[in-house]
Every structure is written in structure tokens, then in C-alpha cells.
Amino acid sequence: MIASALEFERAARLRRELEAHNHAYYVLDAPTIPDAEYDRLFRELEALERDYPELATPDSPTQRVGGAPMPELAAVRHAVPMLSIRTETDTTNGGVVAFDTRVRNALGLGSADAPVEYLGELKFDGLAISLRYEHGVLVRAATRGDGETGEDVTHNVRTIRQIPLRLSGKPPALLEVRGEIYMRRDDFQRLNARQEQAGEKLFINPRNTAAGAVRQLDPRIAAKRPLSFFAYGLGETGDWALPPTQAALLDAFAAFGLPVCEHRVVAVGVDGLCEFHDRIAALRDSLPYDIDGVVYKVNRFDLQRELGFVTREPRWAVAHKYPAQEEITELLDIEVQVGRTGALTPVARLKPVFVGGVTVTNATLHNEEEILRKGVLIGDQVIVRRAGDVIPEVVGPIVERRKGGERAFVMPTRCPVCASHVEKAEDEVVARCTGGLFCPAQRKQALLHFAGRRAMDIEGLGDKLVDQLVEAGIVKTPADLYRLGVLALANLQRMAEKSAANLLAAIEKSRHTTLARFIFALGIRNVGEATAKDLARYFGALDALMDATPERLVEVPDVGPVVAQSIAGFFGEAHNREVIEQLRAAGVTWEEGAPAAPVAGSASGKVFVLTGTLPTMSRDEAKALIEAHGGKVSGSVSKKTDYVVAGAEAGSKLAKAEELGVAVLDQDGLLRLLEQG
Ligand code: IVH
């Protein structure tokens, strides 16, 4: 079948429409139609092209999806060479003055002459590309290569939605547009998240990823890499009557539907350039893509021609760099730091390197898995990144530079601070020191927990005071609290006599407590308030708990193997036992009883939910009473709830109970039930 004029017209119209929507979506970031509508038009065009293959032109949006792989990248000779620009090495404003002076001297301008007008642009950190449009249609895309000869990457560049396959407006018969292909940071992160999920290798940075994608042989792979583009220069232009300035050229590009960066400004003289440089420096970290500097170009093309080139660099342009955000250095060692919660964090010790404006000597590696994921070895040459105020990061190793002496990091089995065992739960990434109360690194945290309201309840022993006590070396373990005197406290800053007396009174008051509170206060990992209560009830005495094997521990209601392991591990450390002995010796006591005989009453093992206001009991009292009878109190109603105890103004929990058919009691009903036990 041969397409009729009607089908020919329709296909042309669909191509125009789809490209306009593409431009609105990918370049202007302002979609004009819903995705579903776009898809419908796209499928219509696809169907037409399938029926009438002669309608499938190279500028059709259907050609973006990526065809068959190329055997190799063909060489392309650039009619106008793709040159690079001089980099001003002085990263301060001195560099601006040097450039302006060179330009003025070359133009023969004296101090009485007006300042030169420049265009300030961003220096994008991507891959330079030359796009050849003939009669407005993209016919070839080539990399820079050595500047004279590049590689034909048209098949991949076609997949970049930001690059128009056909220019809009009134483009010249021949136009080579030059610019940068780059990858946005958010696109890069999403891509890496996908890679990680698929168990694939992670990409190092947006720049290398963009460059790798453009030079792919298989356009279907390139099509999956989210690439972007900015136009900033010219190659061959045929007989096009050029706009008069760089600023006007970029405006013309935008009118052709090409993406042009909004951060461009006509800057007058040194002052204008300095202002631009400083403004962009402040903006740098919030830009959605990486830049490594700014570019200054003499704005007027007639002056550019007059200035010409020295060796292979234009005299009319210069790159003014910002401090690099990525550098290469040696990973000297990986040390392990212990945090306030006992978490062991591997930290990279680096050969000092100036990056992102500061000298970096170490960087966190987060955890063992992260080290494996990044594949870094001790002794590696690594890429270190520091962008803005973000903490420095080891990006990854340069595998090609390995010499053979590098070695893998091994997480220590003992805490580097207190030598306690290190444990790592199976489903966790973080390794932890089990030293708890004993580990100096965890001392403050452990003391705060110990003194907490639900633990020993030492009123007034807060953050700041704990900091001071620990830093002054006055308190090392919780037992030291019970040996404090007014004298020691008087030495602390800002501690008035009255507050010292109050604190001592609060400590004194905490000396006698319940077994459950004491167990909770020890800060055993995975042992919260409820578990502490269960343990107290089950064992009755601390010694029995301390000697319990994991097998015995799992017999306690709600204690699983992980919790049992934490408890056994904690009491397995000699120094934790020592701290407990010290507390006993310092006169700390708690109520002990016989191990709870399984309560046979009707409340035993049952789950209660309290709601509303009871006539004569506070909620805490009711909770204590239920627990004393072997029941449990939970916060929310579910199928596992046995009773809901409802008082005045009971709300949604009561409704839920009725909905699930859970028994509802009032206060009297509760008391009667408990008495039966
Ligand atoms: S103009 C003859 N403008 O930086 C001048 N280049 O060496 C041609 N670049 O390879 C370059 N942003 O890849 C120009 N706004 C910008 C740029 C830019 C990034 C890259 C380009 C070039 C290198 C300069």
C-alpha cells in the first residue's frame, strides 16, 4: 500500500504535535497534555508508519526508542574543529581580572575605553557533543574526540528526549549546534537505586555515566539512561546570517526548541563577571546538575573574530573553575568508631586531599555492607567527593590503579574502645558493641537511659548534666552516681548548691526500685519496658535472669531468639556483671520475689486495651493491676485483644471492639474478672 496525501498529512501533523509536546515536557518542564493522550497520538503514528513504512522519517518521535546495536562507532570529521577553552587556574576573582586584561590588550583598549561586554554561562560537567541539523532535521550527532575527528553517536543521541529531532521556528538550511550532554543528579540517583535493586554495579558519578551512555554501541541501553542536554555553541553554519552576539545566539537556540540553560547573563566588565561568578558559586550546590565552573565569553561575535585563537584555544573565552568537588586520593586505612548507641562505624582514613574547598582526611563509610557495595579496599586509590556542606564521601575505588597490595576491611569482633563483643543481628546492617553500661563510648547514652523516667527515674539528670559528669571524669558507670557527694558536684560549672542537693536527693530516691525497672535501666539491647516486665515476672530475681541460657529465655512470653541472644550476650560480658555488683555494693536494691508461678486466673495471658476514663482508677493504676494479675495491656484493639476496658467517653477503640466482637468490660467488670484469678 502506498500512503495517500491524507495519511501523509496526518503523519506529518502527528510528528509535529508529538515533538511540540516533547519539547513542552522535557525542555520547558511544562507538560501540555496528559500522558495518556500523548501515548494515544504516539500509537497512532506508530500504526501509520507500520502500514506505510515510507512515512517513517528520521525525525519521527518513534525513532527515539533505540534500534539495533552498532558494530562500532564510525569516525566523523568535524568541519569546524571542536576546540576546548583555556582554564583560569586562579579560582579567585584574580582570574577574572587576568582574562579581562588579556581581552582588552588584544583589542587595543585603553583605560579610558568602556568595559567589554561578556556573556557568563555555566560550565557543565558532561560530554561535549555536536548536533548537525540539515533543513531543521537532526541528521548526525558526534562526540568531540580529539577535536578534529569524533565518533558518530546519532543512534544514542536520538533517544535523548530533550534533543529535538526537528527544530522549530525558521532554522537555517545547515546548523551545527554544540553543547553538553549531562545527567541530572536526581536522575543519576534514581538510576543507581535501580541498579542496586537489580543487583547491578553502581555508577560512580553523573559525568562518567553520561559519557558512557553516549558512547554505547547498543542504543537500547542508552535509551535507559536519563540524559539531558544544554546548547551553548556553534559548529558549521552554512550561509546562516548569524545573530550578532552569543546572548542572541542562545535566544535563537531556545526559539529553535533547543534546551538552553537559564543561568546566563550579560556581564559588563570585571565587576559584572565577578558578580556572576560569586552568585553561581552560592547557587552551585542547589543546582540539579554538576558544574565545575563558569565560562566567560566575549558577547559580540565581531569582537570574537577579531580576538581569534592562540594555539588551539579561543582568546575570547575562558573557563573559571570552582574548587573541585571530587578528587583522587589514597585510602590509607579503615578505622572503626563507636557511637553513643554502640554502633560501630567504619571511617576511611585518607591521605589529605583538598576537595570541595577544604582538606579532607577522613570520611564515613557507614557500615560493612556499604564498603562491600562500593568495593573499596584498604590501600586503594579512591574518588573522594565533598559537595557543599555535605560530609565528605568515598565514592569508589579506581580499580585500574590497584597494585596488588590492597586488602579488604574486616569488621572487628571486639569493640575497639572497650573490647566487649561485637554483635550484628542477621537482618541488620549495623554492628554493635555489647559493652552497654561499661563502654566509654556509650557511657553518656547509657547513663541517660539508666536515669530515665521509666528506668531508675532520677529526676534532673538530663543531657547537659550527664555530659558534664562524664567529661569531668566524675561518673564512669551508673554505680558512680550513687557515690556522688556535694563536693564532686560543686566542682561542675553552673551547678548551684540547691540543684546539687536536689540531684543528690533524686539519686537517693532512686536507690530502691522494682526488678522490672532495674532490668530496663540496664539498657540491654532489644529489651524494652514491656520485655523487662515480662522478664522480672518470669524470673522473680536478677540472679536467675543473669544465669539464664538463651533456651530458657525464649520460654518467657514474647521473648524470641534475637532478644534472648541480646540478654545472654549482655550478661555474658564480665564487665556488665561487674557494674551490677557495683550497683549492689553502692546500696541499690530492688524488690525480688519468687518466680511467677503461671497465674491461673482468668486475666493471665490475656490482652487488655484500656479506653476512656474509669470511675476511680487512673489508667496507670488499671494497667498495673492487670499486669499484677498476669494480663498484658496493649495500646490498640485487634483480633488478638481479649478485653476492652471502657470508661467514660470511650471513643474509636470501643467502636473497634464492637466491630471485632471483642468482650467489653467496665471498671467493675474488670475488678470482678481479676478477683476470679
Ligand atoms: S564553549 C570554543 N561553553 O568545557 C569554545 N564549553 O574546554 C567551546 N563546556 O569541551 C566551548 N560548558 O565540553 C563552552 N557553557 C559552555 C560549556 C563548555 C561546558 C565544556 C565543553 C568543552 C570544555 C571546555
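Details of the structure are given in the entry above.
Here we summarise the structure given alongside this text. Everything quoted here is computed from the prediction, not taken from an experiment.

## Describing unusual backbone geometry
The phi torsion of most residues other than glycine is negative, and most of the peptide bonds are trans. The backbone of Asp457 sits at a positive phi, close to 55 degrees, despite the residue not being glycine. By the secondary structure assignment, Asp457 is in the loop between helix H12 (443-451) and helix H13 (463-471). Even without glycine at this site, Asn526 takes up a positive phi of about 75 degrees. Looking at where Asn526 falls in the secondary structure, it is placed in the loop between helix H17 (515-521) and helix H18 (529-539).

## Focus: the sheet that holds strand S25 (residues 643-646)
Across the sheet, which stays open at both edges, the four strands sit in the order S24-S23-S25-S26 with parallel pairing between neighbours. The sheet terminates laterally at strand S24 (632-634) and strand S26 (663-665), the two strands that pair on one side only. Strand-to-strand twist in this sheet, taken as the mean axis angle between neighbours without regard to direction, amounts to 35 degrees. Taken together, the three bridges between strand S23 (residues 607-611) and S24 define a ladder with parallel strand orientation. Its bridge partner being in S24, Val607 is matched across the sheet by Lys632. Taken strand by strand, helix H23 (residues 619-628) contacts S23 and S24, and its axis lies near 170 degrees from that of S23. Those strands touched by helix H25 (residues 667-676) are S23, S25 and S26, and its axis lies near 105 degrees from that of S26.

## Focus on the layout of surface pockets
The computed volume of the second largest pocket comes to approximately 1000 Å³. Along the walls of the second largest pocket sit 43 residues, with Phe188, Asn192, Phe203, Ile204 and Val395 positioned nearest its centre. Elements represented by at least two residues in the lining of the second largest pocket include exactly helix H5 (185-197), helix H6 (206-214), helix H11 (368-374), strand S17 (381-385) and strand S18 (393-397). Residues of the lining of the second largest pocket, tallied by class, amount to 16 nonpolar, 13 polar and 14 charged.

## Let's talk about the packing of aromatic side chains
Scanning the model with the defined rule gives 18 aromatic pairs in all. For the pair Phe124 and Tyr182, a centre-to-centre distance of 6.4 Å together with 15 degrees between the ring planes defines the contact as stacked. In this pair, Phe124 is assigned in strand S3 (residues 117-124) and Tyr182 in strand S7 (residues 174-182), connecting sequence segments 58 residues apart. Where Phe124 meets Tyr232, the ring centres are 6.3 Å apart and the plane angle is 15 degrees; that geometry is what we call stacked. One end of the pair, Phe124, is in strand S3; the other, Tyr232, is in strand S8 (residues 228-234), with 108 residues separating them in the sequence. Owing to a relative accessible area of 6%, Phe124 belongs among the buried residues under this scheme. Members of the aromatic cluster, each reached through a chain of ring pairs, are Phe124, Tyr182, Phe230, Tyr232 and Tyr289.

## With respect to the pattern of salt bridges
Between side chains of opposite charge, pairing is possible as soon as their charged atoms come close. Applying the stated criterion across every chain, the model contains 48 salt bridges. Between Arg312 and Glu148 there is a salt bridge whose closest N-O contact spans 3.3 Å. With Arg312 in the loop between strand S11 (309-310) and strand S12 (313-314) and Glu148 in the loop between strand S5 (137-143) and strand S6 (149-151), this residue pair connects regions lying 164 residues apart in the sequence. Linking Arg184 and Asp186 is a salt bridge whose minimum nitrogen-to-oxygen distance equals 3.0 Å. One salt-bridge network, held together by shared partners, links Arg132, Glu134, Glu176, Arg178 and Glu236.

## A few points about the pairing of S23
Across the five residues that make up S23, a large majority, five, are buried. Crossover connection from S23 via H23 to parallel S24: handedness right-handed. Strand direction decides the pairing type here: S23 and S25, joined by four bridges, are parallel. Paired with Phe608 across the bridge in S25 is Tyr643.

## A closer look at the sheet that holds strand S10 (residues 291-298)
Within the open sheet, the five strands sit side by side as S2-S13-S10-S3-S9. Their pairing is mixed. Either end of the sheet is taken by a strand with one partner, and the two such strands are strand S2 (86-88) and strand S9 (265-268). Here the strands of the sheet are splayed against their neighbours by 35 degrees on average, with no regard to which way each runs. As judged from the three bridges shared by S2 and strand S13 (residues 317-321), these two strands associate in the parallel manner. The residue bridging Arg86 from the neighbouring strand is Val318, located in S13. Along the sheet, helix H9 (residues 269-283) makes contact with S3, S9, S10 and S13, crossing S9 at roughly 135 degrees.

## Some details on the pairing of S18
Buried residues dominate S18, accounting for four of its five residues. Strand direction decides the pairing type here: S17 and S18, joined by four bridges, are antiparallel. Looking at S18, one finds that Val382 is bridged to Pro397.

About the cut-offs
Residues numbered from 1 in each chain as written. Predicted model: local features only at pLDDT ≥ 70, side-chain atom pairs only at ≥ 80, totals over all residues. Heavy atoms only, no water. Helix = DSSP H or I, 4+ residues; strand = E, 2+ residues; numbered from the N terminus. Pairing = 2+ DSSP bridges. Axes fitted to C-alpha atoms, helices over the stretch in contact; angles between N-to-C directions. Contact = heavy atoms within 4.5 Å. 1 Å grid on protein atoms, 1.4 Å probe; cavity = no way out; pocket = protein on both sides within 12 Å on 5 of 7 lines; lining within 4 Å. Points joined across faces, edges and corners; volume = space filled by probe spheres on them. Nonpolar A, V, L, I, M, F, W, Y, C, P; charged D, E, K, R; others polar. Phe/Tyr/Trp six-rings, centres within 6.5 Å; stacked < 30°, edge-to-face > 60°. Buried < 20%, exposed > 50% of the residue type's maximum accessible area, 1.4 Å probe, protein only. Salt bridge = Lys/Arg side-chain N within 4 Å of Asp/Glu carboxyl O. Right-handed = clockwise from strand over helix to strand, strands pointing away.

So far we have only geometry, and geometry alone does not tell us how the molecule works.
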